[in-house]
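# Remarks on the overall topology
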Amino acid sequence: MITIKNKVAVQKMTTAGGLLSDIIDRVAQLLRPGTSTLSIDAWIEMQMRNVQLVPQTKGYMGYRHASCISVNDEIVHGVPDAHKIIQEGDLVKIDVCAAWKGYCADMTRCFFVGKPASTQAEQLVKVAQQALDAGIAKAVVGNRLSDISAAIQQVVAPHGFGIIRDFAGHGIGKRMHEEPEILNYGEPGRGPLLRPGMTFALEPMITLGDYNYYIASDGWTVKTKDKSLAAHVEDTILITEEQPKILTRCA
Ligand code: CO
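Residues numbered from 1 in each chain as written. Predicted model: local features only at pLDDT ≥ 70, side-chain atom pairs only at ≥ 80, totals over all residues. Heavy atoms only, no water.

### Considerations on the coordination of the cobalt ion
Protein-derived coordination of the cobalt ion comes from Asp 106 (OD), His 170 (NE2), Glu 203 (OE) and Glu 234 (OE), at a distance range of 2.0 to 2.3 Å. Classification of the site at the cobalt ion rests on its 4 donor atoms, whose angles at the metal span 85 to 170°, yielding the label irregular. When the donor residues of the cobalt ion are listed from N- to C-terminus, their spacing reads D-x63-H-x32-E-x30-E. In this pair, His 170 sits in strand β7 (residues 169–171) while Glu 203 sits in the loop between β9 (199–202) and β10 (205–207), placing the two residues 33 residues apart along the sequence. There is no split in this pair, since His 170 and Glu 203 are both buried. (Donors = N, O, S within 2.8 Å, 3.2 Å for Na, K, Ca; no water. Tetrahedral: all angles 85-135°; square planar, octahedral: opposite > 155°, others 65-115°. Helix = DSSP H or I, 4+ residues; strand = E, 2+ residues; numbered from the N terminus. Buried < 20%, exposed > 50% of the residue type's maximum accessible area, 1.4 Å probe, protein only.)

Here's what the structure looks like:
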């Protein structure tokens, strides 16, 4: 069942999203060559606690961190590590989900450490962002869920980039992951009709190569099989009577 959020739930998710996006805006200043992903995670957790945000990944199925930090060919669920040191040119995806007074927001941003390693890398990130924006634009009353999925695919496909198929966007609210699952590809016009008060986390994951992946020996980190570069961006949105409201771009 897809839950419809009431006014109080929406207010709390809006606060969660605003606080979270403020943290992610400020994390950029930490991303210098030589920094470990564990130290970035520690900073993020401290910033969350400062504003009463409760990280939702910590304790989730045994995951032990407040963020997922995925570098270069790591697609998602990168485990922060003291020995993982970011370098000039790296593409770093920072994914955070936190609750404020019991309601969640979930977001991911791409960052380059210094200058991007290549113009292709830059293009990949740009297309991921365009795909997310195209998906969000379809998140309006009267559309069906898969209109979002199709819009994402339509932006990515012409570039020949891979679209990860086994991970997807999701409903969000009291819990980080709620129904429905929102694929990043598919035919339009399928699935439930979108209604005001529905809240989704949309999160295209794309690669310079194909969609095959494997899970690293840490049991979490999802990496491209062909070692190609991956991009991932995510926002939490609210369906309204008018345009969708992006809860994680309101810092
Ligand atoms: Co998510």
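### Some remarks on the side chain of Lys 223
Looking at the element boundaries, Lys 223 is found in strand β12 (residues 222–224). We note that Lys 223 is buried and unpaired, the nearest opposite charge coming from Asp 73 at a distance of 4.1 Å. (Lys, Arg positive; Asp, Glu negative; His and termini not counted. Salt bridge = Lys/Arg side-chain N within 4 Å of Asp/Glu carboxyl O.)

### Remarks on the sheet that holds β10
Here 3 strands make up an open sheet; going across it, the order is β6-β10-β13 and the pairing antiparallel. Looking at strand neighbours, the two that pair on one side only are β6 (162–163) and β13 (230–232), the edges of this open sheet. Taken together, the 3 bridges between β10 and β13 define a ladder with antiparallel strand orientation. The residue bridging Ile 206 from the neighbouring strand is Ala 231, located in β13. (Pairing = 2+ DSSP bridges.)

### Points about helix α4 (residues 145–156)
In an α-helix, one full turn covers 3.6 residues, which means residues spaced three or four apart are oriented alike. Among the 12 residues that make up α4, 10 are buried, leaving the element largely enclosed by the rest of the structure. Considered for burial, the residues of α4 that qualify are Leu 145, Ser 146, Asp 147, Ile 148, Ser 149, Ala 150, Ala 151, Ile 152, Val 155 and Val 156. Check the buried side of α4 and you find it contacts α3 (119–137), β6, β8 (178–182), β9 and β10. (Contact = heavy atoms within 4.5 Å.)

### Here's the deal with the nonpolar core
Of all hydrophobic cores here, the largest spans 31 residues; its most connected members are Ile 148, Phe 200, Leu 202, Ile 206 and Ile 237. Secondary structure elements with two or more residues in this core: α3, α4 and β9. Counting residues per element, this core draws most heavily on α3, at 8 residues. When near neighbours in sequence (up to four residues on either side) are disregarded, Ile 148 contacts Gly 135, Lys 138, Ala 139, Ile 182, Leu 194, Phe 200 and Leu 202. Within the second largest apolar cluster, 25 residues are counted, among which are Val 27, Leu 53, Val 92 and Ala 98. (Core = buried A, V, L, I, M, F, W, Y, C linked by side-chain atoms within 4.5 Å.)

### A few points about the environment of Cys 97
Structurally, Cys 97 is set in strand β4 (residues 91–100). With 11 residues separating them along the chain, Cys 97 and Thr 108 place their C-alpha atoms 8.7 Å apart. Non-local contacts of Cys 97, meaning those with residues more than four positions away in its chain, are made with Leu 20, Val 54, Pro 55, Gln 56, Thr 57, Cys 104, Ala 105, Asp 106, Ile 172 and Met 176.

### Brief notes about helix α1 (residues 7–27)
Between the first and last C-alpha of α1 there are 30 Å, a value that for 21 residues agrees with the 30 Å anticipated at 1.5 Å per step. Burial in α1 covers these residues: Ala 9, Val 10, Met 13, Ala 16, Gly 17, Gly 18, Leu 20, Ser 21, Ile 23, Ile 24 and Val 27. Buried residues belonging to α1 abut α2 (37–50), β1 (53–55), β4, β5 (103–112), β9 and β14 (235–238). The N-cap of α1, judged by a side-chain oxygen 3.1 Å from the amide nitrogen of Val 8 a few residues on, is Asn 6. (Expected span 1.5 Å × (residues − 1). Polar contact = N/O pair within 3.5 Å; in protein donor to acceptor, adjacent residues only side chain to side chain.)

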